[in-house]
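# Fold and geometry: a report
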Amino acid sequence: MHESPADLAALQELLDRSYATAGPHLLRIHTPERRLSAEQVAERLTGMRLLALATVTADGRPVVGPVDGIFHRGAFHFGSAPDSTRFRHIRARPQVSATHLPGEELAVTVHGRAVPFDIGDPAAADFRRTLLAIYVPRYGAEWESFLDSGVAYARIEAERMFTYWMPAGS
């Protein structure tokens, strides 16, 4: 877990604000006992979490594809090639939605804006260390060279976030 107390407070405020404006159908499903607190979200989203990320085409069509999601400092981050269709969409229309859905027992959905950032920027050093801690044990030390090869990263600045949790056997 990489979240500071301030990160957790901001995340909790986002969750509360999201549910305060949610529609009746969602609220019937996402009852208070099925929602996660900010701390519970951060605890469950360690390491790499596969996301289905939706971007928007020029004519308004959504396009969904998988990305490695890293939850860090209260926000999802993801990478791709700078010349990918995904990043072309984001540069023109930064609105995205993403869902982590490992199974029926857990869902975390965010809607917001993808904000690209430079992984080599000193301000991203903590996130870079997190990436290395996740991927070097999996792929070997040469993964750091891949990270330095020009891969693009973005953070989702969530405008809304919803969580759903139903333990097995419930």
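Residue positions are counted from 1 within each chain, in the order its sequence is given. This being a predicted model, a pLDDT of at least 70 is required before a residue's local features are given, and a value of 80 or more before pairs of side-chain atoms are given or counted; all residues contribute to the totals for chains, interfaces and linings. Processing note: side-chain calculations cover all non-hydrogen atoms of the structure and skip hydrogens and water entirely.

A few words on helix α5 (residues 125–139). Between its terminal C-alpha atoms α5 stretches 20 Å, which fits the 21 Å expected from 15 residues at 1.5 Å a residue. For every residue, the accessible area obtained with a 1.4 Å probe (protein chains only) is divided by the maximum for its type, and the residue is called buried under 20%, exposed over 50%, and partly exposed between those limits. Here a strand is any run of E in DSSP of at least two residues, a helix any run of H or I of at least four, and the numbering for each starts at the N terminus. Of the positions making up α5, those classed as buried are F127, R128, T130, L131, L132, I134 and Y135. Buried residues in α5 make contact with β1 (48–56), β2 (62–72), β3 (75–80), β5 (106–117), α6 (143–147) and β6 (152–165). G140 occupies a position one or two residues after α5 and carries a positive phi of about 95°. Here, expected helix span is obtained from the residue count minus one, scaled by 1.5 Å. Throughout, a residue-residue contact means that at least one pair of heavy atoms, one from each residue, lies within 4.5 Å.

We now examine the side chain of S18. One can find S18 in helix α1 (residues 5–20). Among the polar contacts listed, one links the side chain of S18 to the backbone oxygen of L14, at a separation of 2.8 Å. We call two N or O atoms a polar contact when they sit within 3.5 Å, provided that within protein one can donate a hydrogen and the other can accept it, with sequence-adjacent residues counted only if both atoms are side-chain atoms.

Two strands pair under a simple rule: DSSP has to find at least two bridges between them. Taken together, 6 strands build a closed barrel; the order of strands is β1-β2-β3-β6-β5-β4 and the barrel is antiparallel. The mean angle between the axes of side-by-side strands here comes to 40°, regardless of whether they run parallel or antiparallel. One ladder, built from 12 bridges, connects β5 with β6; its direction is antiparallel. When the sheet's bridge partners are listed, A107 is paired in β6 with Y164. A fitted line through C-alpha atoms represents every axis, and for helices the fit uses only the stretch in contact; the resulting angles, taken between N-to-C directions, go from 0 to 180 degrees. Contacting β2 and β6, α1 crosses the sheet at an angle of about 55° to β6. Contacting β1, β2, β3, β5 and β6, α5 crosses the sheet at an angle of about 100° to β2.

Time to look at the pattern of salt bridges. Each salt bridge in this description consists of a side-chain nitrogen of Lys or Arg and a carboxyl oxygen of Asp or Glu lying within 4 Å of one another. This model, assessed by the stated rule, comprises 7 salt bridges. Salt-bridge contacts for R17 lead to E13; the nearest nitrogen and oxygen are separated by 2.4 Å. Taken together, the residues R17 and E13, both in helix α1 and 4 residues apart, mark about one turn of the helix. Classification of R17 by relative accessible area gives partly exposed; the value is 35%. Judged by relative accessible area, E13 falls into the partly exposed class, the value being 40%.

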